[in-house]
Amino acid sequence: MDAEEIKALDEKYVVHTYARAPFVLERGEGVRLYDTTGKAYLDFVSGIAVNALGHGHPAVRQAIAEQMEKLMHVSNLYHTIPQARLAQMLVESCFADKVYFCNSGAESVEAAIKFARKWARTQGFAEKVEFIAFSGGFHGRTMGALALTPREHYQDPFRPLMPGAKIATFNDLASVEALMDEKTCAVIVEPLQGEGGVYPADPDFLKGLRALCDRNRSLLIFDEVQCGLGRTGTLWAHQFYGVTPDLMTVAKPLGGGLPIGATLMTQAVADCISPGDHGSTFAANPVICAAAQAVLKTISDPAFLEHVRWAGSYLSEGLSDLQAKYPGIREIRGRGLIWGLALDMPAAPVIQAGYELGILTLNAGPQVLRLLPPLVVQRAEIDEALEKLDGAFARATQR
Ligand SMILES: Cc1ncc(COP(=O)(O)O)c(C=O)c1O
């Protein structure tokens, strides 16, 4: 089947929740993807921050292959070795004492919402049922997460939403203070906003949130679904800030491309959760947990994280040179290997020109071009990407 036939099948049979690129991807290797015509693309999207180790990483492939031979799925009614080991690795990597497993980012947020509510009720704070989230925040499209994702386009067709969601202004503590009261169960924030336009939190903002939550006896939830697991140059994005949450949501890169989510929490929260409170049939099956162990082990190596920081600063220097050449790039924001280029024009034509030149990029809002290369990206590949981006801006600004 050629690309046109596959696109026709897609058009006929798949519900259109995505506006798709005009080619069909068939194969991936390292930081490159290949379409059905054999054309190569430098992958500066990484499955939207999923393929942190690129495509076909040997450690991930080996872990999956070995585990598939032994056991692929059993219910969460039973213990398995890969799940127990992954839980230990995750907990030992951060502030948390316990982890709940699920299948995606949105599910990890739903779990955090439920666990925060259960914590409040167990503490005797029956009135604490509300959540504070932020302008520009993105937490997923399921009903609870959607209420905490304040964008009309996402929310409007699906009202009524979960009640009790209040929206404060990102990086503005006073706006949180104005909304916080005895009903506030938890505050949820991305330490670096991804979908909303690539905005890092100010250090004083996260520290201030911690203090406000402590004073109000509310929980603090960090959503690290996009910014976690090495993306910003530290294993967890919040480790850059020296502030810890009560709950943290994780997903995207954890399974090396297989679906897994995790909600990490302190003992105080975990103590409130009982069998039956929440659950998932597929969550953290043995194959995915074997893959996730390989991912976590690779990314947590200090030398790997050092590479991410180096590659990030090398890329950002190149992006500054690009900005000097194209004044339509108004601002460059990011850290590690997540960058947003705020443009004075729509990002779509640049993305389109990138497709023609063999580089995949994406947007974060209509006028922000977002770059999410695999964390294993090397100097020569960054040079190549910068050259292609230069070409893409030249084409897009001429059109
Ligand atoms: C910060 C954040 N939270 C939650 C989600 C939802 O994750 P998923 O698409 O796996 O449900 C996303 C997805 O982009 C995200 O960026």
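Residues numbered from 1 in each chain as written. Predicted model: local features only at pLDDT ≥ 70, side-chain atom pairs only at ≥ 80, totals over all residues.

*Asks:* I'd like a description of the nonpolar core, backed by residues and values.
*Replies:* Counting 119 residues, the largest nonpolar core has Ala 116, Val 187, Ile 221, Leu 247, Leu 264, Ala 291 and Val 295 as the members making the most contacts within it. Counting residues per element, this core draws most heavily on helix 11 (residues 286–300), which supplies ten residues. If you count residues domain by domain, this core takes at least three from each of domain 1 (3–57 + 302–398) and domain 2 (71–300). The residues touching Val 187, leaving out its near neighbours within four places in the chain, are Ile 132, Val 176, Leu 209, Cys 213, Ser 218, Leu 220 and Ile 221. (Core = buried A, V, L, I, M, F, W, Y, C linked by C-beta atoms within 7 Å. Buried ≥ 20, exposed ≤ 12 C-beta atoms within 10 Å, placed from the backbone. Helix = DSSP H or I, 4+ residues; strand = E, 2+ residues; numbered from the N terminus. Domains from an automatic or database assignment. Contact = placed C-beta atoms within 7 Å.)

*Asks:* Quick rundown of unusual backbone geometry? Include the residues and the values.
*Replies:* Working note: non-glycine residues mostly have negative phi, and peptide bonds are mostly trans. Looking along the chain, the bond that leaves Arg 159 and enters Pro 160 is cis, with omega of 5°. Relative to the elements of secondary structure, Pro 160 occurs in the loop between helix 7 (152–155) and strand 6 (165–168). Non-glycine residue Ala 49 carries a positive phi angle of around 70°. With respect to the element layout, Ala 49 can be found in helix 2 (residues 46–49).

*Asks:* Describe the site of the ligand, and please don't skip the residues or the numbers.
*Replies:* Near the ligand there are 15 residues, and of these Gly 105, Ala 106, Gly 140, Val 225 and Gln 226 occur at the shortest range. Ranked by residues supplied to the shell around the ligand, first place goes to helix 5 (residues 105–123) with three residues. (Near = placed C-beta within 6 Å.)

*Asks:* Would you mind going over the domain arrangement of the chain in detail, with residue names and values included?
*Replies:* As assigned here, the chain comprises domain 1 (3–57 + 302–398) and domain 2 (71–300). The C-alpha-based centres of domain 1 and domain 2 are spaced at 27 Å. For the side of domain 1 that touches domain 2, the elements supplying multiple residues, two or more each, are helix 2, helix 12 (302–325), strand 13 (329–335), strand 14 (338–343) and strand 17 (368–371). By residue number, the principal contributor to the side of domain 1 that touches domain 2 is helix 12, which donates five residues. A per-class count over the side of domain 1 that touches domain 2 returns 14 nonpolar, eight polar and four charged. (Nonpolar A, V, L, I, M, F, W, Y, C, P; charged D, E, K, R; others polar.)

*Asks:* Break down the pairing of strand 10 (residues 219–223) for me, citing the residues and quoting the values.
*Replies:* Burial analysis of strand 10 places five of its five residues in the buried class, the great majority of the element. Of the two faces of strand 10, the one lined by Leu 219, Ile 221 and Asp 223 and the one lined by Leu 220 and Phe 222 are each fully buried. Where strand 7 (residues 184–189) meets strand 10, four bridges bridge the pair, whose relative direction is parallel. Looking at strand 10, one finds that Val 189 is bridged to Phe 222. As paired elements, strand 10 and strand 11 (residues 247–250) share three bridges and run parallel to each other. Bridge pairing links Ile 221 to Leu 247 in strand 11. (Pairing = 2+ DSSP bridges.)

*Asks:* Can you tell me about the sheet that holds strand 13, naming the residues and giving the values?
*Replies:* Spatial strand order, 13-14-17-16: four strands in an open sheet with antiparallel pairing. One side of each edge strand has no neighbouring strand; the edge strands of this open sheet are strand 13 and strand 16 (362–363). Pairing of strand 16 with strand 17, which is carried by two bridges, proceeds in the antiparallel orientation. Its bridge partner lying in strand 17, Leu 362 is registered against Arg 370. Contacts between helix 12 and the sheet are confined to strand 13 and strand 14, with strand 13 contributing the most and set at about 175° to the helix. (Axes fitted to C-alpha atoms, helices over the stretch in contact; angles between N-to-C directions.)

*Asks:* Provide a residue-level description of the sheet that holds strand 15 (residues 359–360), including the pertinent values.
*Replies:* Reading across from one edge, 1-2-3-15 is the order of the four strands in this open sheet, with mixed pairing throughout. Edge strands, defined here as strands with exactly one partner in the open sheet, are strand 1 (25–29) and strand 15. Across two bridges, strand 3 (residues 40–43) lies against strand 15 in parallel orientation. Across the sheet, the residue bridging to Asp 43 is Leu 360, located in strand 15.

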